[in-house]
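Observations on chain architecture
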Amino acid sequence: MAFRFDAGDIALPPGAWARTHRRYLRHHDRLVLGLTQGDYRNYAFPLFTPAGHLVTSEAPADHPHHQSVWIGADHVHALVPASEGRAEEYTYNFYINDVFQGRAPGRIIERECSFEQRDGGAIIRQQLDWRGPVEWGAPAGRTVLNETRTLLVTVTQDATALRIRSTLRCAEWPVRLGPTRHAYVNARVSESMTMVAGGRALDERGEAIGATQIPTAEWIDYLGPVGAGRE
């Protein structure tokens, strides 16, 4: 079996306990990535190259909600039936860890996870609940959306490829998604790869993207130094 996926349990001393969990994917016993359940979202961290270099950053000081490779939505509006045939709008933010522009912060929580190997790659499937904060009438938070997230991981001599498919379904009521500040799927590169440290972002035509530019590219190639060289 080329891949192995485990919970990465730590032998804690008596009386100690873990707040949350992180599962690890290994390829021939080399660490490839981890799936982490944080307070507000489930995300992929750490993420390594085949040479063992870490290429993403977890919760940087300036943007603690930028957690490696993650999914989120800034405007999530649940349309809940009310009296006289009308609907009340419950407004949430599943992107930032605080109340943002009046939108209450929600949490994306893993409910189930499965793993298999197929065609030389690893397939991880997650079932996640998008749940609002504790509020009156919902002491555990309201489940607004259900997400199925599939991660396909392949490892070659030169690259670790991570492909993500995310499908959202309404949990109980109709939901309207508004614009998200950056993107639905996001990545935060390691500090050594940032533009101020010498990194570069290129669009699909090979043209450079500026640090403050809003890209219209179909995809972005982010290059930067890690370890003793460039990845």
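Anyway, here's the lowdown on the structure attached to this text.

Cut-offs used in this document
Residues numbered from 1 in each chain as written. Predicted model: local features only at pLDDT ≥ 70, side-chain atom pairs only at ≥ 80, totals over all residues. Heavy atoms only, no water. Phe/Tyr/Trp six-rings, centres within 6.5 Å; stacked < 30°, edge-to-face > 60°. Helix = DSSP H or I, 4+ residues; strand = E, 2+ residues; numbered from the N terminus. Buried < 20%, exposed > 50% of the residue type's maximum accessible area, 1.4 Å probe, protein only. Pairing = 2+ DSSP bridges. Axes fitted to C-alpha atoms, helices over the stretch in contact; angles between N-to-C directions. 1 Å grid on protein atoms, 1.4 Å probe; cavity = no way out; pocket = protein on both sides within 12 Å on 5 of 7 lines; lining within 4 Å. Points joined across faces, edges and corners; volume = space filled by probe spheres on them. Contact = heavy atoms within 4.5 Å. Core = buried A, V, L, I, M, F, W, Y, C linked by side-chain atoms within 4.5 Å. Polar contact = N/O pair within 3.5 Å; in protein donor to acceptor, adjacent residues only side chain to side chain.

**With respect to the packing of aromatic side chains**
Tallying each qualifying case throughout the model produces 6 aromatic pairs. Taken together, a centroid distance of 6.2 Å and an interplanar angle of 55° make the contact between Tyr92 and Phe94 tilted. Taking the centre distance of 6.3 Å and the plane angle of 15° together, the rings of Trp130 and Tyr184 count as stacked. A residue pair is termed long-range when its members are at least 10 positions apart, and Trp130 in strand β10 (residues 121–131) and Tyr184 in the loop between β13 (175–177) and β14 (185–187) qualify at 54 residues. Note on Trp130: relative accessible area 0%, which makes it buried. Taken together through their ring pairs, the aromatic side chains of Tyr92, Phe94, Trp130 and Tyr184 make up a single cluster.

**What about the sheet that holds strand β12 (residues 160–170)?**
Strand pairing in a sheet takes place through backbone hydrogen bonds and is either antiparallel or parallel in direction. Spatially, 4 strands are ordered β9-β10-β11-β12 in an open sheet, and the strand pairing comes out antiparallel. The open sheet is flanked by β9 (107–118) and β12, the only strands paired with a single partner. Pairwise comparison of adjacent strand axes, ignoring direction, gives a mean angle of 15° for this sheet.

**Some thoughts on empty space enclosed by the protein**
The full count for this structure, using the stated rule, is 1 cavity of 30 Å³ or more. Empty space within the largest cavity amounts to approximately 50 Å³. For the lining of the largest cavity, the secondary structure elements donating two or more residues are β4 (42–47), β5 (69–71) and β11 (143–155). No other element matches the 3 residues that β5 contributes to the lining of the largest cavity.

**Quick look at the sheet that holds β13**
What the 4 strands build is an open sheet, ordered β8-β7-β6-β13; its pairing is mixed. Looking at which strands have only one partner, the edges of the open sheet turn out to be β8 (104–105) and β13. Pairing of strand β6 (residues 73–81) with strand β7 (residues 87–94) involves 7 bridges; the strand directions are antiparallel. Counted as the bridge partner of His77 is Thr91 from β7.

**A few points about the environment of Val134**
Looking at the secondary structure, you find Val134 in the loop between β10 and β11. Separated by 48 residues in the primary sequence, Val134 and His182 place their C-alpha atoms 26 Å from one another. Not counting residues up to four positions away in its chain, the partners in contact with Val134 are Pro139 and Gly141.

**A look at the nonpolar core**
Counting 18 residues, the largest nonpolar core has Leu25, Val32, Leu33, Leu35, Ile124 and Val153 as its most contacted members. Of all the elements in the fold, those that place two or more residues in this core are β1 (3–6), β3 (30–37), β4, β10 and β11. In this view, Ile124 contacts Phe5, Leu25, Leu35, Cys113, Ser114, Phe115, Arg149, Thr150 and Leu151; residues no more than four positions away in its chain are not counted. Ranked by size, the runner-up nonpolar core spans 15 residues in total, among them Ala78, Tyr92, Leu128 and Val144.

**Things to note about the side chain of Ser68**
When you line up the elements, Ser68 lands in the loop between β4 and β5. Polar contacts involving the side chain of Ser68 include one to the main-chain carbonyl oxygen of Ala44, which spans 2.4 Å. Those residues in contact with Ser68, other than ones at most four positions away along the chain, are Tyr43, Ala44, Phe45, Thr56, Ser57, Glu58, Asn186, Ala187 and Arg188.

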